[in-house]
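The residues making up each chain are set out below.
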Amino acid sequence: MSHTIAEKILLAHTDKKDIKPGEFIEAKVDVALGNDITAPIAIEEFKKAGFKKVFDKNKIVLVPDHFAPAKDLKSANQCKVLSDFSKEQEITNYFEVGCMGIEHALLPEKGLVLPGDLVIGADSHTCTYGALGIYSTGVGSTDLARSFVDGKIWLKVPATIKFVFKGKLNKWVGGKDLILFTIGNIGVDGALYKVMEFSGPVIRSLGMDDRFSMSNMAIEAGGRAGIIEPDAITKKYVSQFNKRKPVFYSSDKDANYEKIYEWDITDLEPQ
């Protein structure tokens, strides 16, 4: 069977021989992320259900980045829930004020998410890590709570839309402009529950910052994930981390796409 990069990553995290868009699967996650808005709900549900121990203290990442530094008592208490739970469960990757920043910049920069991973986060912009060839997607707090228990998540396999960018980038035009142009063309629900796969010579010329900007905004078109196939630039970026071995997947030439858009962006101006 031929598969897109997204389908290959999902398949590798199940016990199945094959998967296709539209079917429900149960998959093992490599990283489960929560922040100070969403994780307190997950922690509450985890405890309410009677569970005492998380499945793996190394695979959960908790980042207080929305309310930290706290502006009032309510904000401080949201952050404290993460701190207390991390101490109690001995969570390896808890990032306190002073050693954290925006969660979606932090995880790649710490080498916590790597190509070939399946990453879930109780935050819609978890799709950011797709820039590294990762299937990463936002989930609800109760889905996160369930992953704390056994490291699994159930998902519906999404269809993939491919976006091919050709031509040459104008001065000052970057990844942010490309994704704004894309969403302007397909609409804010143009990729609803679909994977957006970004490809073509223009994408291969982009640095990692521009790629992260593009994948980050897949959710702004309703996408489940925004994936870029790993190449030499990706490999160079992840070579600085020795935490785990990355797996570099690529789409088959005859992979089945729901739709393919091809654009020459030579005349594109800053958006």
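All of these numbers come straight from a predicted model, not from anything done at the bench.

Enquirer: Would you take a moment to explain the environment of P158 for this structure?
Expert: Mapped onto the elements of the fold, P158 is located in the loop between β7 (152–156) and β8 (160–166). The sequence separation of P158 and G22 amounts to 136 residues, and the corresponding C-alpha distance is 6.2 Å. When sequence neighbours within four positions are dropped, the list of residues in contact with P158 reads E7, L10, P21, Y135, Y193, K194, V195 and R224.

Enquirer: Even after reading the chapter, I still don't get the pairing of β7, so can you show me in this structure?
Expert: Looking along a regular strand, one sees side chains alternate from face to face of the sheet. Every second residue of β7 is oriented toward a common face, the buried set being I153 and L155 and the non-buried set K152, W154 and K156. Inspection of the sheet shows strand β1 (residues 24–28) paired to β7 by five bridges, in the antiparallel sense. From the neighbouring strand, K28 faces β7, where its bridge partner is K152.

Enquirer: In this structure, what is going on with the side chain of D36? I would like to understand it.
Expert: Note on placement: D36 falls in the loop between β2 (31–35) and α2 (39–48). Buried charge without a salt bridge: D36, with K71 as the nearest opposite-charge side chain at an N-O distance of 11 Å. Within the local environment of D36, its side chain forms a polar contact with the backbone nitrogen of D65, the two atoms lying 3.2 Å apart. Filtering out sequence-adjacent residues up to four positions away, D36 remains in contact with V63, P64, D65, H66, F67, A68, Q78, C79 and L82.

Enquirer: In this structure, what is going on with the pattern of salt bridges? I would like to understand it.
Expert: When the charged atoms of two side chains with opposite charge come close together, those side chains can pair. Applying the stated criterion across every chain, the model contains 13 salt bridges. The residue K28 makes a salt bridge to D15 at a minimum N-O spacing of 3.2 Å. Of the two residues, K28 is situated in strand β1 and D15 in the loop between α1 (5–12) and β1; the sequence distance between them amounts to 13 residues. With relative accessibility at 38%, the residue K28 sits in the partly exposed group. For D15, a relative accessible area of 71% corresponds to the exposed category. Residue E88 is joined to K47 by a salt bridge in which the shortest nitrogen-to-oxygen separation is 3.0 Å. Remark: K47 occurs in helix α2 and E88 occurs in helix α3 (residues 73–89); sequence separation between them is 41 residues.

Enquirer: I would appreciate a short explanation of α1 in the present structure.
Expert: Since the α-helix advances by 3.6 residues per turn, residues separated by three or four positions end up pointing in the same direction. Burial analysis of α1 places six of its eight residues in the buried class, which makes it a mostly covered element. Within α1 the residues assigned to the buried category are I5, A6, E7, I9, L10 and L11.

Enquirer: Looking at this structure, I do not really get the sheet that holds strand β9 (residues 195–199). What am I missing?
Expert: Sheet strands associate in pairs through backbone hydrogen bonding, adopting either a parallel or an antiparallel arrangement. One open sheet accounts for four strands, arranged β10-β9-β8-β11; its pairing is parallel. In this open sheet, the two strands that pair with only one neighbour each are β10 (225–228) and β11 (259–264). Averaged over neighbouring strand pairs, the angle between their axes works out to 20° when direction is ignored. Bridge count between β8 and β11: six bridges; the pairing is parallel. Within the sheet, the bridge partner assigned to I161 lies in β11 and is K259. The strands touched by helix α8 (residues 208–216) within the sheet are β8, β9 and β10, with β10 carrying the most contacts at an inclination of about 150°.

Enquirer: When you look at the packing of helix α6 (residues 175–186) against α8 in this model, what are you seeing that I'm missing?
Expert: Two numbers describe a pair of packed helices, the interaxial angle and the distance between the axes. Orientation of α6 relative to α8, taken along the N-to-C sense of each, is 25°, at an axis distance of 7 Å. The pairing of α6 with α8 is recorded here as roughly parallel in orientation. As for the relative orientation of α6 and α8, their crossing is right-handed in sense. In this structure, α6 contributes G175, K176, L178 and I179 to the contact, and α8 contributes D210, S213 and M214. Per-class residue counts for the contact of α6 with α8 are three nonpolar, two polar and two charged.

Enquirer: What exactly am I supposed to notice about the nonpolar core here?
Expert: Membership of the largest hydrophobic core comes to 35 residues, with the highest contact counts inside it found for L10, L62, Y135 and F148. Among the elements that take part in this core, α1 stands out by supplying five residues, more than any other. Judged by nonpolar contacts, the second largest core, of 24 residues, contains I186, M196, V202 and W263.

Criteria and cut-off values
- Residues numbered from 1 in each chain as written.
- Predicted model: local features only at pLDDT ≥ 70, side-chain atom pairs only at ≥ 80, totals over all residues.
- Heavy atoms only, no water.
- Helix = DSSP H or I, 4+ residues; strand = E, 2+ residues; numbered from the N terminus.
- Contact = heavy atoms within 4.5 Å.
- Buried < 20%, exposed > 50% of the residue type's maximum accessible area, 1.4 Å probe, protein only.
- Pairing = 2+ DSSP bridges.
- Lys, Arg positive; Asp, Glu negative; His and termini not counted.
- Salt bridge = Lys/Arg side-chain N within 4 Å of Asp/Glu carboxyl O.
- Polar contact = N/O pair within 3.5 Å; in protein donor to acceptor, adjacent residues only side chain to side chain.
- Axes fitted to C-alpha atoms, helices over the stretch in contact; angles between N-to-C directions.
- Parallel < 35°, antiparallel > 145°, perpendicular 65-115°, else oblique.
- Left-handed = near helix turned anticlockwise from the far one by under 90°.
- Nonpolar A, V, L, I, M, F, W, Y, C, P; charged D, E, K, R; others polar.
- Core = buried A, V, L, I, M, F, W, Y, C linked by side-chain atoms within 4.5 Å.

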